[in-house]
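Here's the letter readout for the chains.
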Amino acid sequence: MSVDGVDTVLVGTWAGLGELFAAERGRLDVLNTPLVHDLFGRALFNLTACGHGEARRRLRPALAGRALPGYVPSLLDVIGPATDRWALDGTADLHEQVRALTGAMSARVLLGITPGEADAARFAAAFKVFVAATGAPPGPARYADRRYWAGRSARQDLHALFSRRAAQATGDAPGGSALAGLVAAFADAPAEAGPLEDHLLALLIAARETTASLLTWCLVELASHRGHAEYAAAEARTVAAGPDRLVARDKLPVLRSVLAECLRLHAPNLLSMRETVCPLTLAGHRIGEGTRVAYSPSAGHFDPAAFPRPQQFRPGRFLARQASASRLWAFGGGAHACLGRPLAELMALAVMAAALQRGLPSLPDGPPARISFRPAKAPIDPLPFALESAS
Ligand code: HEM
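Read on for a plain summary of the structure.

Each value, and the rule that gives it
Residues numbered from 1 in each chain as written. Predicted model: local features only at pLDDT ≥ 70, side-chain atom pairs only at ≥ 80, totals over all residues. Heavy atoms only, no water. Helix = DSSP H or I, 4+ residues; strand = E, 2+ residues; numbered from the N terminus. Buried < 20%, exposed > 50% of the residue type's maximum accessible area, 1.4 Å probe, protein only. Contact = heavy atoms within 4.5 Å. Areas by Shrake-Rupley, 256 points an atom, 1.4 Å probe, with all protein chains shown as cover. Lys, Arg positive; Asp, Glu negative; His and termini not counted. Charge placed at Lys NZ, Arg CZ, Asp CG, Glu CD. Near = heavy atom within 4 Å. Polar contact = N/O pair within 3.5 Å; in protein donor to acceptor, adjacent residues only side chain to side chain. Nonpolar A, V, L, I, M, F, W, Y, C, P; charged D, E, K, R; others polar. Donors = N, O, S within 2.8 Å, 3.2 Å for Na, K, Ca; no water. Phe/Tyr/Trp six-rings, centres within 6.5 Å; stacked < 30°, edge-to-face > 60°. Axes fitted to C-alpha atoms, helices over the stretch in contact; angles between N-to-C directions. Parallel < 35°, antiparallel > 145°, perpendicular 65-115°, else oblique. Left-handed = near helix turned anticlockwise from the far one by under 90°. Expected span 1.5 Å × (residues − 1). Salt bridge = Lys/Arg side-chain N within 4 Å of Asp/Glu carboxyl O. Pairing = 2+ DSSP bridges.

So, on to the overall build of the chain. Scanning the chain from terminus to terminus reveals 13 helices and 11 strands. Structurally, the chain occupies a C-alpha span of about 60 × 55 × 40 Å along its principal axes. Within the chain, the proportion of its 391 residues that are buried is 50%. A fraction of 73% describes how many contacts in the chain between residues 6 or more apart in sequence connect residues 24 or more apart. A total of about 17,200 Å² of accessible surface is found on the chain, and carbon and sulfur atoms cover 55% of it. Across the chain, 41 positive and 35 negative side-chain charges occur, with their mean positions spaced 3 Å apart.

Right, let's get into the site of the ligand. Around the ligand, the structure places 27 residues, and the nearest of them are H52, R274, Y295, H336 and C338. One nitrogen or oxygen atom from the side chain of R56 is found 2.7 Å from an oxygen atom belonging to the ligand. One of the side-chain N or O atoms of Y295 is found 2.5 Å from an oxygen atom in the ligand. No other element matches helix 9 (residues 196-224), which puts 6 residues into the shell around the ligand. Tallied by class, residues from the shell around the ligand come to 17 nonpolar, 8 polar and 2 charged.

From the protein, the iron atom of the ligand takes a single donor atom, C338 (SG), 2.3 Å away. Turning to its location among the elements, C338 is positioned in the loop between helix 12 (316-319) and helix 13 (341-358).

This next bit is on the packing of aromatic side chains. Aromatic ring pairs are reported here in terms of the distance separating the ring centres and the angle at which the planes meet. Evaluated as defined, the whole model comprises 10 aromatic pairs. Arranged with centres 5.2 Å apart and planes meeting at 70 degrees, the rings of F40 and F45 form a pair that is edge-to-face. Consider the rings of F307 and F318, whose centres lie 6.2 Å apart with planes at 50 degrees: the pair is tilted. With a gap of 11 residues between them, F307 in the loop between strand 7 (292-295) and helix 12 and F318 in helix 12 connect regions that are remote in the sequence. Overall, F307 belongs to the buried group, its relative accessible area being 0%. For F318, a relative accessible area of 11% puts it in the buried group. Within the aromatic cluster, the residues linked to one another by ring pairs are F21, Y295 and W329.

It is at 9 Å that the axes of helix 9 and helix 11 (residues 253-265) come closest, and there the two elements cross at 110 degrees. Viewed along their axes, helix 9 and helix 11 adopt a mutual orientation that is roughly perpendicular. Here the hand of the crossing between helix 9 and helix 11 comes out right-handed. Across the interface between the two elements, L214, W217, C218, E221 and L222 from helix 9 touch V258, L259, C262, L263 and L265 from helix 11. In the contact of helix 9 with helix 11, the residues fall into 9 nonpolar, no polar and 1 charged.

Moving on: helix 13. Over its 18 residues, helix 13 runs 26 Å from end to end, which matches the ideal 26 Å to within 8%, given 1.5 Å per residue. By the criterion of burial, helix 13 is predominantly enclosed, with 14 of the 18 residues buried.

Another point: the side chain of H52. Summarising the element assignment, H52 is placed in helix 3 (residues 49-59). Beyond its immediate stretch of four places on either side in the chain, H52 contacts L44, L47, A335 and H336.

In this model, R374 is joined to P375 through a cis peptide bond whose omega is 0 degrees. Looking at the secondary structure, you find P375 in the loop between strand 9 (371-372) and strand 10 (378-379). For D4, which is not glycine, the phi torsion reads 50 degrees and is therefore positive. By the element assignment, D4 lies in the loop between strand 1 (2-3) and strand 2 (6-11). D4 sits in the exposed class, given a relative accessible area of 58%. Look at A49: it is not a glycine, yet its phi comes out positive at around 45 degrees.

Running from N to C, helix 8 (residues 179-186) and helix 9 point in directions that differ by 140 degrees, and their axes come no closer than 11 Å. When the interaxial angle is binned, helix 8 and helix 9 end up oblique. Crossing angle aside, the handedness with which helix 8 passes helix 9 is right-handed. Residues L179, L182, V183 and F186 of helix 8 touch helix 9, and the partners they reach there are L196, H199 and L200. Classifying every residue of the contact of helix 8 with helix 9 by side-chain character gives 6 nonpolar, 1 polar and no charged.

Looking now at the pattern of salt bridges. One pass over the structure, following the stated rule, counts 24 salt bridges. Across the salt bridge formed by E54 and R57, the nearest N and O atoms sit 2.8 Å from each other. One end of the pair is E54 and the other is R57, both in helix 3 and 3 residues apart, which spans about a single turn. As a salt-bridge pair, R249 and E345 come within 3.8 Å of each other at their nearest N and O atoms. One end of the pair, R249, is in the loop between helix 10 (226-241) and helix 11; the other, E345, is in helix 13, and 96 residues separate them in sequence.

Strand pairing within a sheet occurs via backbone hydrogen bonds; the two strands may be parallel or antiparallel. The strand order across the open sheet formed by 5 strands is 1-2-7-4-3, and the pairing between neighbours is mixed. Looking at strand neighbours, the two that pair on one side only are strand 1 and strand 3 (28-30), the edges of this open sheet. Note that strand 1 and strand 2 share 2 bridges and pair antiparallel. For S2, the partnering residue across the bridge sits in strand 2 and is D7.

Geometric descriptors of this kind do not, in isolation, establish any biological role.
Below, the structure is given as structure tokens:
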């Protein structure tokens, strides 16, 4: 089929994804445009073969497992004031607010930047210009686009800021950040693993629209299903007394079931692109070298055999073990599976818990009528939102 005007093999079934991910290494490369290569340099998703594996190995420990409990207090510090405002005044646009909150959470955890400090505004301004550059034409026409050159310059500013923060990270910088761990992990990294500055920018970009999308849909679904929201709110209140429950996989089953159901119904990414570097066979079809291959992370999410009544929001299917979260590919799989999944899930659970502690989500104008799917699934129009006192 044609994707963005180019003939592409689309993998759109659950079984097909398993086959694709198993066959990926050495046969498929991530297809990134010249624009993405220029802007992101040797960031993780631009690397191939050994350099890619080496960089993943060095990045992963700071983004998962034992590192996560250390980020909980700093995340809650960032989330508290935002959710207080939603409870007090509501907001005229949920998605815009959640994007800003996701940016602040990522800056706090990945760079150690606290919301009030001078670097917060510097970072936000340069990052905005950089993000705008990703909308420039992907090919040679990018050179005639003002956004491209502004983005290149913002990239330099961001790299300088990252280097300065990295130099401070081992000193008296605020705790609760991944930065010191990342600096240590890359101190003796071979050149093929790429520079930490490129990886930091990639992490910040990869975290932003995806996590904001997931959070938006979690709050939209909770607002649209009052019974589920009340049920989840009871559990959210236990987080106030024990914030470490946010990182214990066997705790908060209700909030986790809402998360899983939202990942199923509203997988943030529409398509991921690959190109074959040698011929390969998928589902019995031979695919020639140099062919574009795309997969949809939500392939299989609406299969009624795996998820009965697939169009309905029914988080209970994950609680009652009628459905398994292992059938969900919202975070991709294989060689390029999402490295930020544990952090994304922690951020989403922490925001849902903080919001539900303050009130029940409500959408005064109703759910979004128009939706866009790129860069991630999101409402097109401003979406008024509030937290209503449960009483
Ligand atoms: C709900 C939130 C998120 C979703 C749904 C999501 C989804 C995905 C998907 C589908 C991929 C695979 C792309 C491909 O196959 O080409 C991916 C890759 C990636 N994600 Fe995420 N992501 C999320 C949050 C995050 C966060 C918070 C971070 C970082 C802190 C992150 C970092 C990355 C990186 C670095 C890659 C590239 C991995 C590689 O190329 O080896 N993501 N993500």
